[in-house]
Amino acid sequence: MIEQHKNKGMKKFVEKLMPKLLFITALVSVLATIGIVFTLIFETFEFFRRVPFFDYILGTEWLPFSGTSPSYGVLPLIIGTLKVTGIAIVVAVPLGLAAAIYLSEYASDNVRRVVKPILEVLAGVPTIVYGFFALTFVTPLLQEVIPGLKIFNAISPGIVVGIMILPTIASLSEDAMSSVPRSMREGALALGSTKLEVALKVVLPAALSGILASVVLGISRAIGETMIVSLAGGSTPKFDGEITDSIQTMTAYIVQVSTGDAGYGTTIYYSIYAVGFTLFIFTLLMNLLAGYISKKFREEY
């Protein structure tokens, strides 16, 4: 009897303690996020005290290490980031949707249980491994096909970033397709549709909100990728449409400066916060867009 009373008292204590611990954990996460954002904002303001705002967002030359006349126009870094992201999406979206359609509509349960975890293993590979893979395998392979391709270019990291985000698009899209009611498939098949027609004309439109959200999240991750573009993309910011030459992305520039190329308190040092804040805005907009698309195109069944 006494033992039961002690157990009940312990259970009540745990029940009262757990909400407080969970609240503290959530509060730490929120405070850490707020601290990061405010650090970015304060240091970015310090940068704009030294560099005019419109020179930064409209400038087409990024030459922070020029001793005579440094230039801080961020557009070349943005263009480099968009080049890699665009190539990654061209690679990841078709392959990811094809994998999702196969897993959702064609694969048996046994095949799905084996293939899907293997596909998701790609998401766990360290990005530095992807970077060396792009530099030492993909780039030499592409040089055999594309004459004049430089060792550092936008195509190789773009392809490998696409491979990296492929599991995100494939897995989330497959989950969205699998949630489509079976009755819709059976109704379309009963009307004479083929399995491919059911997949493309019934399941795909019904799961559109989840698919678009997965693509936007993939884009967000591609924009924020660091190690692949740092190793295989180069460090030459250019405001052009060339994808066979060396480029530099926003994340690659942050890595370059963070390794010790600039002293504390210099304009170059504060520039990494300005670039980081620009990158933060890009990824924030992508996540907000994913949420909006998910709500806008969600189908209720």
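Just so we're clear, the structure is a prediction, and the values are computed from it rather than from any experiment. (Residues numbered from 1 in each chain as written. Predicted model: local features only at pLDDT ≥ 70, side-chain atom pairs only at ≥ 80, totals over all residues. Heavy atoms only, no water.)

1. A closer look at the UniProt feature "transmembrane region" (unreviewed entry) in the chain
Then step 1. As recorded in UniProt, the feature "transmembrane region" (unreviewed entry) lies at residues 21-42, 74-100, 121-142, 154-177, 198-219 and 268-293.
Then step 2. For residues 154-177, the helix share is 96%, the strand share is 0%, and the end-to-end C-alpha distance is 33 Å. (UniProt positions renumbered as here; feature names shortened; annotations may be inferred. Helix = DSSP H or I, 4+ residues; strand = E, 2+ residues; numbered from the N terminus.)

2. Description of the packing of aromatic side chains
Then step 1. In this structure the tally under the stated criterion is 14 aromatic pairs.
Then step 2. The rings of Phe47, Phe48, Phe53, Phe54, Tyr56, Trp62, Tyr72 and Tyr253 are connected pair by pair, giving a single aromatic cluster. (Phe/Tyr/Trp six-rings, centres within 6.5 Å; stacked < 30°, edge-to-face > 60°.)

3. Some thoughts on the nonpolar core
Then step 1. Ranked by size, the top nonpolar core spans 66 residues in total, and within it Trp62, Val161, Ile165 and Tyr253 carry the most contacts.
Then step 2. Here tyrosine 253 is in contact with Trp62, Pro64, Phe65, Leu77, Gln248, Ile268, Ser271, Ile272 and Val275, once residues within four sequence places are set aside.
Then step 3. By size, the runner-up hydrophobic cluster in this structure holds five residues, among which are Ala107, Leu119, Leu166 and Ala170. (Core = buried A, V, L, I, M, F, W, Y, C linked by side-chain atoms within 4.5 Å. Buried < 20%, exposed > 50% of the residue type's maximum accessible area, 1.4 Å probe, protein only. Contact = heavy atoms within 4.5 Å.)

4. A closer look at the pattern of salt bridges
Then step 1. Enumeration according to the criterion identifies eight salt bridges in this entry.
Then step 2. In this structure, glutamate 174 engages arginine 112 in a salt bridge whose closest nitrogen and oxygen atoms are separated by 3.8 Å. Of this pair, glutamate 174 sits in helix α6 (residues 155-178) while arginine 112 sits in helix α4 (residues 109-121), and the two are 62 residues apart along the sequence. Assigned by exposure class, glutamate 174 and arginine 112 land together as buried.
Then step 3. Ionic pairing is found between glutamate 174 and lysine 116, a salt bridge with its closest N-O pair at 2.6 Å. Note that glutamate 174 is positioned in helix α6 and lysine 116 in helix α4, a separation of 58 residues in sequence. (Salt bridge = Lys/Arg side-chain N within 4 Å of Asp/Glu carboxyl O.)

5. Examining the side chain of serine 71
Then step 1. Looking at where serine 71 falls in the secondary structure, it is placed in strand β2 (residues 71-72).
Then step 2. Sequence-distant contacts of serine 71, defined by excluding residues within four places in its chain, comprise Glu61, Trp62, Leu63 and Pro64.

6. Brief notes about helix α8 (residues 195-206)
Then step 1. If you check α8, its first and last C-alpha atoms are 15 Å apart, about what twelve residues at 1.5 Å a residue would give, namely 16 Å.
Then step 2. For α8, the complete set of buried residues consists of Val198, Ala199, Val202, Val203 and Ala206. All buried residues of α8 lie within an arc of 130° about the axis, which places them on one face of the element.
Then step 3. Packed against the buried residues of α8 are α3 (75-106), α6, α7 (182-190) and α9 (208-223). (Expected span 1.5 Å × (residues − 1). Arc of directions from axis to C-beta.)

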